[in-house]
Amino acid sequence: MTMTKHAVRVARMFDGERLVDGGALVLLDGGRIADVRRGRAAVPEGWPVRDEPNGTLLPGLVDAHVHLCADAGPDALGRLAEQREADLDAVVEASLRKHLAAGVTTVRDLGDRRGAVLRWRDRRVRDDLPTVVGSGAPLTSVGGHCWSLGGEASGVDGVRKAVRLRAAAGADLVKVMASGGVFTPGTDTTRPQFTDEELTAALTQAHDLGLPVTAHAHALSAVEQALRVGVDGIEHCTCVTAAGARVPAELADRLAAFGLAVCATLGTDPAVVTPPEVVEMAARAGLSEAALREGVATLHRAGVRLVAGSDAGLGPAKPHGILPETLVEYVACGIPATVALAAATSVGAEVCGLGRRKGRVRPGFEADLLIVDGDPTSDITVLRRPLAVYRAGVPVR
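Residues numbered from 1 in each chain as written. Predicted model: local features only at pLDDT ≥ 70, side-chain atom pairs only at ≥ 80, totals over all residues. Heavy atoms only, no water.

Novice: Just checking my understanding: could you explain the environment of Asp 379 for this structure?
Specialist: Considering the arrangement of structural elements, one finds Asp 379 in the loop between strand S14 (369-373) and strand S15 (386-391). Between the C-alpha atoms of Asp 379 and Ala 169, which are 210 residues apart in sequence, the distance is 42 Å. Of the polar contacts made by the side chain of Asp 379, one reaches the side chain of Thr 381; its length is 2.6 Å. (Helix = DSSP H or I, 4+ residues; strand = E, 2+ residues; numbered from the N terminus. Polar contact = N/O pair within 3.5 Å; in protein donor to acceptor, adjacent residues only side chain to side chain.)

Here is the structure:
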């Protein structure tokens, strides 16, 4: 891609942590941010400028929980077992284009089929699509949640071997299915899938290889186990028991004290009517919308480190590019807009291991940027309507 020097002038800027009002001029050069100047700074001679008089500039968004192989159709994950890898390549690229159109410039893939996303990334590194951080197939118990993706393992030696295979395949992290899941028949969302010894073995082996571990955990007992063992992150964290989903305040306090990153995976397409059978499955698992939102509110009040991830690709209500709705729902839970935006920028980049080069509007950082019309700290819904998206300094929308 051809890189040229150019500038962007906006009314305000969210720099990854806070809103900077009163105008900003950002200089882009060679795919990076060359300088950030506040107020009505003069544009250097010879630098073309894009002027958005009511625009807000943000770092490109980070969706920390996606499934790029899944096409967001019915039973998207279940159908992956029968698809050819060449077909999966096309799905991955189409998924990434949808994320980019929504202002998402980095994704963390937390469950492909047998390493397909990692192999695609090795073959097709390119700056016109979002950066991909990937786990490969999620590590699960025999017959456990998403077993058909090829990540079954059992016993201490078995989970250690599974972690080593992911590291050898180029995974950036390890995802462990610590509990059952809604979309895998026969699994239990109220119980752990691994013993403490197995989960500890996976974590120790991963850390020895320099890889963080995040745990899919719906069950309250699985969240407790993940915290007890010392994983680096928890996905969903719904805390399901036979009585339903509820995050205990004292558990939220412990999660906050430990510093775990929690990705609550809220966010659905408001235009999609969820099929009755999916509603029924979620209800059986105790995962009502009200319970999910109250759980996130409890986590926020405790000071838990929240990251933004959508679970994109999972089904029709979770299409790729749905992350703005995740942030709309975070704000609806009582989370301040600046905190929600940080969860999808600076915090998301840090959790993905990219905090030194992405997630902030700062000189030297990669020029992955989003411009929206209006102020997202006063109206988070403006994220639904991007004015421009930059990937590696080049406008792609």
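Novice: Looking at this structure, how should I read the pattern of salt bridges?
Specialist: When their charged atoms lie close together, side chains carrying opposite charge are able to pair. Tallied over the entire structure, the rule returns 29 salt bridges. The salt bridge involving Arg 301 is made with Glu 294; its shortest N-O contact spans 3.0 Å. With a relative accessible area of 58%, Arg 301 lands in the exposed category. Arg 305 is the salt-bridge partner of Glu 350, the closest N and O atoms lying 3.2 Å from each other. Separated by 45 residues along the polypeptide, Glu 350 in helix H11 (residues 346-351) and Arg 305 in strand S13 (residues 305-307) bring together distant segments of the chain. For Glu 350, a relative accessible area of 33% gives the class partly exposed. A single salt-bridge network, built from bridges that share partners, covers Asp 15, Glu 17, Arg 18, Arg 305, Glu 350 and Arg 360. (Salt bridge = Lys/Arg side-chain N within 4 Å of Asp/Glu carboxyl O. Buried < 20%, exposed > 50% of the residue type's maximum accessible area, 1.4 Å probe, protein only.)

Novice: How should I be thinking about empty space enclosed by the protein in this particular structure?
Specialist: Within this structure, the stated rule accounts for one cavity of 30 Å³ or more. By volume, the largest cavity amounts to about 50 Å³. Per-class residue counts for the lining of the largest cavity are one nonpolar, four polar and four charged. (1 Å grid on protein atoms, 1.4 Å probe; cavity = no way out; pocket = protein on both sides within 12 Å on 5 of 7 lines; lining within 4 Å. Points joined across faces, edges and corners; volume = space filled by probe spheres on them. Nonpolar A, V, L, I, M, F, W, Y, C, P; charged D, E, K, R; others polar.)

Novice: Even after reading the chapter, I still don't get the state of the cysteines, so can you show me in this structure?
Specialist: Simply put, the disulfide is a covalent bond whose two ends are the sulfur atoms of two cysteines. Evaluated as defined, the whole model comprises zero disulfides. Cys 237 supplies the cysteine sulfur nearest to Cys 239, a cysteine that is in no disulfide, at a spacing of 4.5 Å. (Disulfide = S-S within 2.5 Å.)

Novice: Please clarify how helix H5 (residues 220-229) should be interpreted in this entry.
Specialist: An α-helical segment advances 3.6 residues per turn. Residues three or four places apart therefore align on the same side. Taken across its ten residues, H5 has seven buried, putting it largely inside the fold. Residues Leu 220, Ala 222, Val 223, Gln 225, Ala 226, Leu 227 and Val 229 constitute the buried set of H5. Packed against the buried residues of H5 are helix H4 (196-208), strand S9 (213-219), strand S10 (233-241) and helix H6 (249-258). Residue Gly 230 follows H5 closely and has a positive phi angle near 100 degrees. (Contact = heavy atoms within 4.5 Å.)

Novice: Looking at this model, I keep getting lost on the pairing of strand S7 (residues 131-134). Mind explaining?
Specialist: Here S7 shows no split at all, with Thr 131 and Val 133 on one side and Val 132 and Gly 134 on the other all buried. Bridging between strand S6 (residues 104-109) and S7 involves four bridges; their strand directions are parallel. Following the sheet pairing, Val 107 is matched in S7 by Val 132. (Pairing = 2+ DSSP bridges.)

Novice: Is there a simple way to explain the sheet that holds S14 in this structure?
Specialist: Hydrogen bonding along the main chain pairs the strands of a sheet, whether they run parallel or antiparallel. As summarised here, the arrangement of the seven strands in space is S3-S2-S1-S4-S14-S15-S16, forming an open sheet in which the pairing is mixed. Each having just a single partner strand, strand S3 (32-38) and strand S16 (394-395) make up the two edges of the open sheet. Pairing geometry for strand S1 (residues 6-14) and strand S2 (residues 19-29), over eight bridges, is antiparallel. Bridged to His 6 within S2 is Leu 28.

Novice: Teacher, can you tell me more about unusual backbone geometry here?
Specialist: Of all residues except glycine, most have a negative phi; of all peptide bonds, most are trans. Positive phi, close to 65 degrees, is recorded for Cys 146, a residue that is not glycine. Looking at the element boundaries, Cys 146 is found in the loop between S7 and helix H3 (155-168). Residues other than glycine seldom take positive phi values, yet Asp 311 does so here, at roughly 65 degrees. Within the secondary structure, Asp 311 is located in the loop between S13 and helix H9 (323-332). Its relative accessible area of 7% is what places Asp 311 among the buried residues.

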